[in-house]
Amino acid sequence: MSGSAGDGLLVAVDSRIHRLPAQVKIVALFVFVLAVVSTPAGVFWAFALYAVLLAGAVALAKLPPTTVLRRLAVETPFIVFALVLPFVATGPRVDVLGVSLSESGVLGSWNVLAKGTLGVIAAIVLSASTGPRDLLAGLERLRLPSTLVAILSFMVRYLNVVSDDLHRMRIARESRGYAGGRAGHLKAVAGGVGALFVRSFERGERVHLAMQSRGYTGRMPQLTTSGAARNQWAEGLAISLLAVLIAITARVAGL
């Protein structure tokens, strides 16, 4: 899968987190996000500690802060929703700099921003320290259904192919005078999307026939046979287990 989609997310440096097996990092991400989500929104000190743990993970992975900040742009729709929430939510109101805001909306906005940002940064650390093939191998080691792993592997492999098809179709439209920006051009765009779907479906049929002719029996070859040692599990889950401890303390303190 060299050169496949998703390789552009990998930051190719040598770090302790990069060297961890993918299955360890996937479980660590799941446990960390679960701990963050289960933390009451009003326990602010807990989220500060989560941020410190994530900053340590970013430093261990040797990720440039600019890369992390740039990839946080994927969170923009949630930020917009969170900023609107204090104005549209119901319940008791509070004046902030002369603006009337909903108390529950302010807390809900903080809840979305804090938990969403922490979860996205944790996912960025995973994607920046693990290649797409390694991620698939990790999911396989975690006993994800083989059919789903095969579907994900084809998605990673052919995402660039479909993207190149879209690029060529756009150039073809523009070479024939298409400029875009008018409602009348939606028909041309819709036709292009339909043609792309048919082309992708036919490509999938050809790939399936080619696989069957080479002895495919419904199960893909195993991506990896190596597991993770106990010390790797301990090292990889250290931050996540600290997050679980913080979440438990926060819930006890909130009672």
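Please refer to the structure higher up on the page.
Just so you know, these numbers come straight off a predicted model, no measurement behind them. (Residues numbered from 1 in each chain as written. Predicted model: local features only at pLDDT ≥ 70, side-chain atom pairs only at ≥ 80, totals over all residues. Heavy atoms only, no water.)

> So what exactly am I meant to see when it comes to the pairing of strand β1 (residues 93-96) here?
Two faces belong to every sheet, and in a regular strand the side chains alternate between them. Inspection of the sheet shows β1 paired to strand β2 (residues 99-102) by four bridges, in the antiparallel sense. Residue pairing for β2: V96 is matched across the bridge by V99. As consecutive antiparallel partners, β1 and β2 are separated by two residues, and within that stretch L97 has a phi angle of approximately 55°, a positive value. (Pairing = 2+ DSSP bridges. Helix = DSSP H or I, 4+ residues; strand = E, 2+ residues; numbered from the N terminus.)

> So what exactly am I meant to see when it comes to the nonpolar core here?
A general feature of soluble globular proteins is that nonpolar side chains tend to end up buried together. Residues F32, Y50 and L63 are the most contacted members of the largest nonpolar core, which totals 28 residues. Contributions of two or more residues to this core are made by α2 (22-37), α3 (44-60), α6 (103-129) and α10 (230-254). When residues no more than four places from it in sequence are discounted, the contact partners of Y50 are F32, A35, V36, T39, L118, A243, I246 and A247. (Core = buried A, V, L, I, M, F, W, Y, C linked by side-chain atoms within 4.5 Å. Buried < 20%, exposed > 50% of the residue type's maximum accessible area, 1.4 Å probe, protein only. Contact = heavy atoms within 4.5 Å.)

> Would you explain the packing of helix α5 (residues 76-88) against α6 in this entry?
Pairs of packed helices are described in terms of their axes, by the angle between the two and the distance that separates them. At a closest axis distance of 7 Å, the pairing of α5 and α6 adopts a crossing angle of 165°. Judged by the inter-axis angle, α5 sits roughly antiparallel to α6. When the axes of α5 and α6 are compared, the crossing they make is left-handed. Across the interface between the two elements, F78, I79, F81, A82, L83, L85 and P86 from α5 touch G105, V106, G108, S109, V112 and L113 from α6. Class assignment of the residues belonging to the contact of α5 with α6 gives a composition of ten nonpolar, three polar and no charged. (Axes fitted to C-alpha atoms, helices over the stretch in contact; angles between N-to-C directions. Parallel < 35°, antiparallel > 145°, perpendicular 65-115°, else oblique. Left-handed = near helix turned anticlockwise from the far one by under 90°. Nonpolar A, V, L, I, M, F, W, Y, C, P; charged D, E, K, R; others polar.)

> What should I look at first to understand the layout of surface pockets in this one?
A water-sized probe, rolled over the atoms, reveals where empty space remains. In this structure, the largest pocket spans a volume of roughly 510 Å³. Broken down by secondary-structure element, the contributors of at least two residues to the lining of the largest pocket are α8 (146-175) and α9 (186-213). Residue composition of the lining of the largest pocket, by class: eleven nonpolar, five polar and two charged. Taken together, 17 residues form the lining of the second largest pocket, with E140, V149, M220, P221 and L223 sitting closest to its centre. For the lining of the second largest pocket, the secondary structure elements donating two or more residues are α7 (132-141) and α8. Of the residues that constitute the lining of the second largest pocket, the class distribution is eight nonpolar, three polar and six charged. (1 Å grid on protein atoms, 1.4 Å probe; cavity = no way out; pocket = protein on both sides within 12 Å on 5 of 7 lines; lining within 4 Å. Points joined across faces, edges and corners; volume = space filled by probe spheres on them.)

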